[in-house]
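# Survey of secondary and tertiary structure
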Amino acid sequence: MSTGFDLRLAPTAAAVWAVTLLGLLAGWGVVALTAVCALLAAPVLWPATRRRAWARGTLVVLLLAGVAAAGMAVRGHHAEHHPVREAAHHGERVTARVTLTSAPVPLRGASFGARRAQDRALVRAELETADLIGRHVRASGSVVLLVPTEQWRDLIAGQQVTVRGKAAPPRSGELTIAALQVFGAPTEVGPPPGWQRAAADLRDGLRRTAAAELGPAAAGLLPGLVVGDTGALPPEVEQDFDTAGLTHLMAVSGANLAIVCGAVLVVLHLVGAGPLLSALGAGAALVGFVVLAGPEPSVLRAAAMGAITLLALVLGRRRSALPVLSASVIGLLLLMPELATSPGFALSVAATAGLVVLAPAWAAALRSRGVPVGVAEAIAVPLAAHVVTAPLIAALSGTVSLVAVPANLLAGPVVAPATVFGVLATVVAPLSGWLAGAFCWLAAPELEWLVLVADRAAAVPGGAFDWLPGTTGGLLLAGLVAVGLVALRGKRFRVLASVGLLLAVLVLVPVRSAVSGWPAPGWSMVVCDVGQGDGLVLATGRPGEAVVVDTGPDLRRAAACLDRLGVRRVPLVVLTHLHADHVSGLTGLLGEFAVGAVAVGPLREPEWAMRQVLRDTRAHRVPVVPMQSGQRVRWPGLVLDVLAPDPASTRSQTAEDANDASIVLLATTPAGRLLLTGDIELPAQGRLMAAGLDLRADVLKVPHHGSRYTTPRLLSAVRPRTALISVGDGNSYGHPSPFVVDLLTRGGAEVLRTDQEGDIAILPGPRGPRHVSRGDPLRAVDR
């Protein structure tokens, strides 16, 4: 029975993808053998092609797979035996002349929690020449540069620069010859090509106009919608889009290009242009958009996918869409083999396939049941895209979102006008600032709506749940989706599925929250499970109010912990020191809670991290106050005594001493004395004990996530009954140290870890503090 789709090229695309993956992951030798086998098998099959259609199809698969494998073998051999790759294996210093193929992209995450904190960015480049130890080589190849953001931020693709750095082997699964760790500014900086400079000026004009005409969230979102630039997007908004399943709106994708080219086609149709002129106009718009966004692999991928989307959804040629998609996959992989391991490429291919295969059929089914034409497409398109990409997202992130489909349904209608107005603002900004501002103003309601949808969707309790990550989890969800799609063809199953979904939303989620036993009534302190970092909450004795000590490495986890506890007001946030695993969640708290002040210690390093704290607090009009030894702060149910640091001890310290400059607090609560030690290491622990302070406490927050750099003398001085270790599951630092855990256990302390227990609450008990764990979301454990 015919499916209505031409699937003949699909096996070839799959074969090319498979051999490309083989070359990237297994090496050039294995894929070279594969190429030889495929090309030798082709002549054997040739006689059968005259009589058998399957033989002709198999021959095409063998030939193209053999060509792809041969190309991968040549490229892999070149990369593996490149002189710079050999230098990278020895960690040599390299001076190289390179041409940038991308602009610097700041790296995000908790990396500046490391000892040598740096604000780093990633730049991709093409090697021209390199000076190694004792020799000069002139050999091309792709390299990755890890550079200081501040000194590189103004460079754009196309510029030639000279860099000096330490070479390191690249990650597996890439044809990159080396990664260069660069710690200085580039030298001998050449001018970019004129068209690259013009495109960069257009992007800058959009950012300036948006910042002048729109609020912070909308001003950061508009460049993201138009050219994928999220540099000015507030981090809490970006996190909301991620949780709501709307991140794809802020990446240059086939949808962006389909919107722009579709708008051009509509205008040309309205003015009476013929098919040829319309095709030329749409093609020009496609090329112009690629130039504007930058001809990087992700943009070129989006151009191919956008052309296919237009073919299927605008021109309505469903049967030809899959062969074009398959041909595009083959061509892109032959040109840019690294796409084979790119999650973005896999998601683009899957989403495009869903749009051309499922969306038209589902829209037609909805229309046949009386759903209006526009509404049917608005429902079918995001639903089809989400269904086919959900297994990939689950495999990559280990989560399944229940709010992504409704969020995309609500966001979908305004994406196209906001994007079109943004493109128009970009194009006219060099000619007329007033007109560009007017287009931004027209885009403002759509942008604010998108921000609102993301915020509300991200706040839905149980909107996303954990799933088995990796290939196993992805295949399991794909199987369930396939079974569900087949079963939903039956009317009785559709009714049962609808009833089951309604019961889950109306009954299971509220019941799950009601029986969880969380938050524990009367808690004095909660150690939030924020991953590899610290996030502590101390009750002040006033309803809905708590002091926060550190905010973890994630924008959402500390804020979500406070939400679960019913906290609404935070009179004080204490940042023990300025490492990302302690301060990165501050932005999320400032955006969601009434914060009275933020306290920091005498050492304001790393300097750029302090600038980030000041920027965020000023944006929310929250004062930053100093905190040092000798201070005391009181609330009805909480007293905080600051034991360290002494300002005198920090005068000679630098950013590398940030751990030892941590604020140390002794909290007196209804549950007893709690000693909170930040990340202090051996020198600061020695100073703390030498000060002659009474360090005895019922509960100890173990320094530095249970690091080995904890002296037994400190643990003996504290003699805690309960030791709390805030640590991330499977962290790469080896925290907590078995030595420290053993010392605490032999000293009579009960050791509790957030990677095993989840959130941990400390409460008053008849014989001292007791604790309740939220490790199992369906069962709180009271001890």
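Note that the structure is predicted; figures quoted are calculated from it, not measured.

## Structural notes on the packing of helix α15 (residues 404-428) against helix α16 (residues 433-458)
Between α15 and α16, the least distance of the axes is 8 Å, while the angle of their chain directions is 155°. By the criterion of interaxial angle, the relationship of α15 to α16 is roughly antiparallel. In terms of crossing hand, the pair formed by α15 and α16 is left-handed. Contact residues: Ala407, Leu410, Ala411, Val414, Val415, Pro417, Ala418, Phe421, Leu424, Ala425 and Val428 in α15; Leu435, Ala436, Phe439, Cys440, Leu442, Ala443, Glu446, Leu447, Trp449, Leu450, Val453 and Ala457 in α16. When its residues are assigned to classes, the contact of α15 with α16 shows 22 nonpolar, no polar and 1 charged.

## Brief notes about the pairing of strand β20 (residues 664-669)
When you tally the buried positions in β20, you get 5 out of 6 residues, the bulk of the element. As defined by bridge partners, β20 adjoins strand β21 (residues 672-676) across 5 bridges and the pair is classed as antiparallel. Looking at β21, one finds that leucine 665 is bridged to leucine 676. What sits between the antiparallel neighbours β20 and β21 is a turn of 2 residues.

## Concerning the packing of aromatic side chains
All chains considered together, the criterion is met by 1 aromatic pair. A ring pair is formed by phenylalanine 421 and phenylalanine 439, whose centres lie 6.5 Å apart and whose planes are at 25°; its orientation type is stacked. Here phenylalanine 421 is found in helix α15, whereas its partner phenylalanine 439 is found in helix α16, with 18 residues between them in sequence. Its end group placed over the ring of phenylalanine 739, arginine 708 keeps NZ or CZ at 3.9 Å from the ring centre.

## Observations concerning the pairing of strand β7 (residues 178-182)
Where burial is concerned, most of β7 is hidden: 4 out of the 5 residues are buried. Relative to β7, strand β5 (residues 141-148) runs parallel, the two sharing 4 bridges. Residue pairing for β7: leucine 145 is matched across the bridge by leucine 180. In this sheet, β7 lies alongside strand β6 (residues 160-168) in antiparallel orientation, the contact comprising 4 bridges. Bridge assignment links alanine 168 to a residue of β7, and that residue is alanine 179.

## Considering the side chain of threonine 587
Residue placement: threonine 587 occurs in helix α21 (residues 586-592). Side chain to side chain, threonine 587 and aspartate 616 meet in a polar contact 2.6 Å long.

## Quick look at unusual backbone geometry
Note the cis peptide between glutamate 605 and proline 606, where omega equals 0°. Structurally, proline 606 is set in the loop between β16 (598-600) and α22 (607-619). Along the chain, alanine 644 connects to proline 645 via a cis peptide bond; the corresponding omega equals 5°. Tracing the backbone shows proline 645 in the loop between β19 (638-644) and α23 (647-650). One non-glycine residue, aspartate 550, lies in the positive phi region at around 70°. Checked against the element boundaries, aspartate 550 lands in the loop between β12 (546-549) and α19 (557-565). Backbone geometry at arginine 621 places phi at a positive 55°, although glycine is not the residue there. Mapping arginine 621 onto the fold places it in the loop between α22 and β17 (624-626).

Basis of the calculations
Residues numbered from 1 in each chain as written. Predicted model: local features only at pLDDT ≥ 70, side-chain atom pairs only at ≥ 80, totals over all residues. Heavy atoms only, no water. Axes fitted to C-alpha atoms, helices over the stretch in contact; angles between N-to-C directions. Helix = DSSP H or I, 4+ residues; strand = E, 2+ residues; numbered from the N terminus. Parallel < 35°, antiparallel > 145°, perpendicular 65-115°, else oblique. Left-handed = near helix turned anticlockwise from the far one by under 90°. Contact = heavy atoms within 4.5 Å. Nonpolar A, V, L, I, M, F, W, Y, C, P; charged D, E, K, R; others polar. Buried < 20%, exposed > 50% of the residue type's maximum accessible area, 1.4 Å probe, protein only. Pairing = 2+ DSSP bridges. Phe/Tyr/Trp six-rings, centres within 6.5 Å; stacked < 30°, edge-to-face > 60°. Lys NZ or Arg CZ within 6 Å of the ring centre and 35° of its normal. Polar contact = N/O pair within 3.5 Å; in protein donor to acceptor, adjacent residues only side chain to side chain.

Such coordinate-based values are descriptive only and should not be taken to indicate function.
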